[in-house]
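# Descriptive structure summary
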Amino acid sequence: MDDGGSVAGHRLTGRARSGEIGTWSEAVSPAGTPSGVLRFDPALVATPAARERLVAAVAADRRLARSTGLLPVADLVTARGDIWLITDGAPVPTLADLLAEVYRGGVPSPGSGAVAAILADTARTLLDLHAAGLAHGAPHPGTIVIAGDGTALLAERGLLQALRGEPASPERDVTAWIELARGLATSWADDGSAVLFERAAATAAAHGLAAARDVLLDAGGPLPQIHTTREPLARTRHLWSSAAPEPASAADEIGDAVTLLGIPGPAAADDVVMRFGPGVPADTAAAQIWRSGTTTELAGDVARNAGPARRGGRRGRRSAWAGSALLAVLLAVVILWLRFQPATGVVVEKVDVRGPKKAIACDGTAKLVGTVTTNGGAGGIRYVWVRSDGVRMPEREQNVLSGSTSVELPLVWEVTGSGRFKGVATLRVLSPTASGQPLQDKASFSYRC
């Protein structure tokens, strides 16, 4: 599906990357401009509530001005049972892509000026979002896209939280930005300017993102006024993009795409197909399909259901009585099922991370272990490792049995090349936790070669 196909006329190039909420594919729009297509993980959009929250989040993005620094959203569609987000602009490379390529030696480091530019761009975008009453929810190297001119754009605004039903807050955005600043200071500040980015992070923690951005843009600071130039970053991006595969000359459409946003347009006989999701009356055929999760064509069903009612009043009353009785039985079954479910589920109470005490030698492997203390309940622990080199680790889930109060979650970090490097790994337990908020701890190691 990621090679040689197209979604809503956007031809996939074959270059793709996996993320927390699905798979991103680079594409070419019908107009021949760069675009992107995100296929959501089917498990995340399996419930009506998740889909409705997703539509609301995407609709909010489309109402924002194009100057907000977000990767622009073109549409949200369904095709062949999957849900796809389409963007005006390529979703690659991300900052994580460039960090990994620089680390491997595939492209030269754009230097500290790139770090300052990225941090300034993301701070401005987050400030614009917060002023609009919104939050991003997951700013990190995997959601920061580097545009062709070297500008840093934020992608996936509010999507992860919408799909999980979790609140996104400006406070969490600021915390994530501080982690980003400190991580980039460790991995990319190669000319002694790490102190500036650490100072920006400390300023953000004490006074907010606006003050931190002023620190970065202060002409009298440790870096010259042109330190925010994006030319080196644009060159690095161009070198990374030069290895992209050629788009296929012909592409088969991945199913008939149906928009979920109800974008206004010329009236048509099948407009009902385009109008489901939040805001649609609950008794429409489109709403029924939306709630059931079916994304096939609706026109045939609508035509079959159209026309004057032919049922008599008595038959209608009998049907209503039977429906009420069935509903009562189903409610009773649900209540009994809930009543006899096991009461104790796993809850994480503490996280502790330990790293190697000795420095890692040339082309070595650092082994870090996170120990999670629980209440002894059974269930799944959702967690993610965050590495300071910008490489985004996948979110994972560890199932534990009842009675076990300690769980080990290891991380193996391979390091190659010459030089010195300090790696910091943070284990973040997302849920379930005793406080209801993510718990985390971190450890570091040194690499010398």
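Above this text is the structure in question.
Structure report, in brief. (Residues numbered from 1 in each chain as written. Predicted model: local features only at pLDDT ≥ 70, side-chain atom pairs only at ≥ 80, totals over all residues. Heavy atoms only, no water.)

Our next topic: helix H7 (residues 209–217). Turning to H7, its buried residues number three or more, namely Leu209, Ala212, Val215 and Leu216. For H7, the buried positions fall inside an angular range of 115° around the axis, keeping them on one side. As for H7, its buried residues are in contact with helix H3 (112–131), helix H5 (170–187) and helix H6 (194–207). (Buried < 20%, exposed > 50% of the residue type's maximum accessible area, 1.4 Å probe, protein only. Helix = DSSP H or I, 4+ residues; strand = E, 2+ residues; numbered from the N terminus. Arc of directions from axis to C-beta. Contact = heavy atoms within 4.5 Å.)

Within this structure, the stated rule accounts for 10 salt bridges. We note a salt bridge from glutamate 179 to arginine 428, for which the minimum N-O separation is 2.5 Å. Pair noted here: glutamate 179 is in helix H5 and arginine 428 is in strand S16 (residues 420–431), with a separation of 249 residues, a long-range link. Taking the shortest distance from any N to any O, the salt bridge between glutamate 198 and arginine 182 comes out at 3.1 Å. Highlighted residues: glutamate 198 in helix H6 and arginine 182 in helix H5, separated in sequence by 16 residues. (Salt bridge = Lys/Arg side-chain N within 4 Å of Asp/Glu carboxyl O.)

This part is about the packing of H5 against H6. Packing of H5 against H6 leaves a shortest axis separation of 8 Å and a crossing angle of 170°. Taken together, the axis directions place H5 and H6 in an arrangement best described as roughly antiparallel. For the pair H5 and H6, the contacting residues are Val174, Trp177, Ile178, Ala181, Arg182 and Ala185 in the first and Ala194, Phe197, Glu198, Ala200, Ala201, Ala202, Ala204 and Ala205 in the second. (Axes fitted to C-alpha atoms, helices over the stretch in contact; angles between N-to-C directions. Parallel < 35°, antiparallel > 145°, perpendicular 65-115°, else oblique.)

Applying the stated criterion across every chain, the model contains 3 aromatic pairs. A ring pair is formed by tryptophan 413 and phenylalanine 445, whose centres lie 5.1 Å apart and whose planes are at 80°; its orientation type is edge-to-face. Linking tryptophan 413 in strand S15 (residues 406–414) with phenylalanine 445 in strand S17 (residues 439–448), this pair joins segments that are 32 residues apart in sequence. By relative accessible area, which is 0% here, tryptophan 413 ends up buried. Three or more aromatic residues joined by ring pairs make a cluster, and in this case those are Trp413, Phe421 and Phe445. (Phe/Tyr/Trp six-rings, centres within 6.5 Å; stacked < 30°, edge-to-face > 60°.)

Moving on: the side chain of arginine 51. Position of arginine 51 relative to the elements: it lies in helix H1 (residues 48–63). Notably, arginine 51 is buried but unbridged: the nearest opposite-charge side chain belongs to glutamate 52, and the N-O separation is 7.3 Å. (Lys, Arg positive; Asp, Glu negative; His and termini not counted.)

Attention shifts here to the environment of valine 391. With respect to the helices and strands, valine 391 occurs in the loop between strand S13 (379–387) and strand S14 (396–400). In this structure valine 391 comes out as partly exposed when scored by relative accessible area, which is 26%. Sequence-wise, valine 391 and aspartate 97 are 294 residues apart; in three dimensions their C-alpha atoms are separated by 7.6 Å.

This paragraph deals with the sheet that holds S14. Read across the sheet, 4 strands follow the order S14-S13-S16-S17 without closing on themselves; strand pairing throughout is antiparallel. For this open sheet the edge positions go to S14 and S17, each flanked by a neighbour on one side alone. Taking the axes of each pair of neighbouring strands and ignoring which way they run, one obtains an average angle of 25° across the sheet. Bridging between S13 and S14 involves 5 bridges; their strand directions are antiparallel. (Pairing = 2+ DSSP bridges.)

With that settled, the discussion passes to the pairing of strand S4 (residues 34–40). Of all 7 residues in S4, 5 are buried; the element is thus mostly enclosed. Of the strand pairs in this sheet, strand S3 (residues 22–28) and S4 are connected by 7 bridges, and their pairing is antiparallel. When the bridges of S4 are listed, tryptophan 24 appears paired with leucine 38. In this sheet, strand S6 (residues 82–88) lies alongside S4 in antiparallel orientation, the contact comprising 5 bridges. Residue pairing for S6: arginine 39 is matched across the bridge by tryptophan 84.

Another point: the nonpolar core. By size, the foremost hydrophobic cluster in this structure holds 37 residues, and its most contacted members are Ile118, Leu119, Ile144, Trp177, Leu184 and Phe197. Among the elements of the structure, helix H2 (95–104), H3, strand S7 (144–146), strand S8 (152–154), H5, H6, H7 and helix H8 (231–241) are those that each provide at least two residues to this core. Of all the elements, H3 adds the most residues to this core, at 9 residues. Residue contacts for leucine 119: discarding those within four places in its chain leaves Trp177, Leu180, Ala181, Leu184, Phe197 and Leu216. (Core = buried A, V, L, I, M, F, W, Y, C linked by side-chain atoms within 4.5 Å.)

Another point: the environment of glycine 105. Structurally, glycine 105 is set in the loop between H2 and H3. When the C-alpha atoms of glycine 105 and glycine 417 are compared, they prove to be 8.6 Å apart, with 312 residues separating the residues in sequence.

Because each turn of an α-helix spans 3.6 residues, side chains separated by three or four positions end up pointing in the same direction. With 16 residues, H1 ought to run about 22 Å at 1.5 Å a step, and its terminal C-alpha atoms sit 23 Å apart, in line with that. Among the residues of H1, those classed as buried are Ala50, Arg51, Leu54, Val55, Ala57, Val58, Ala60 and Asp61. (Expected span 1.5 Å × (residues − 1).)

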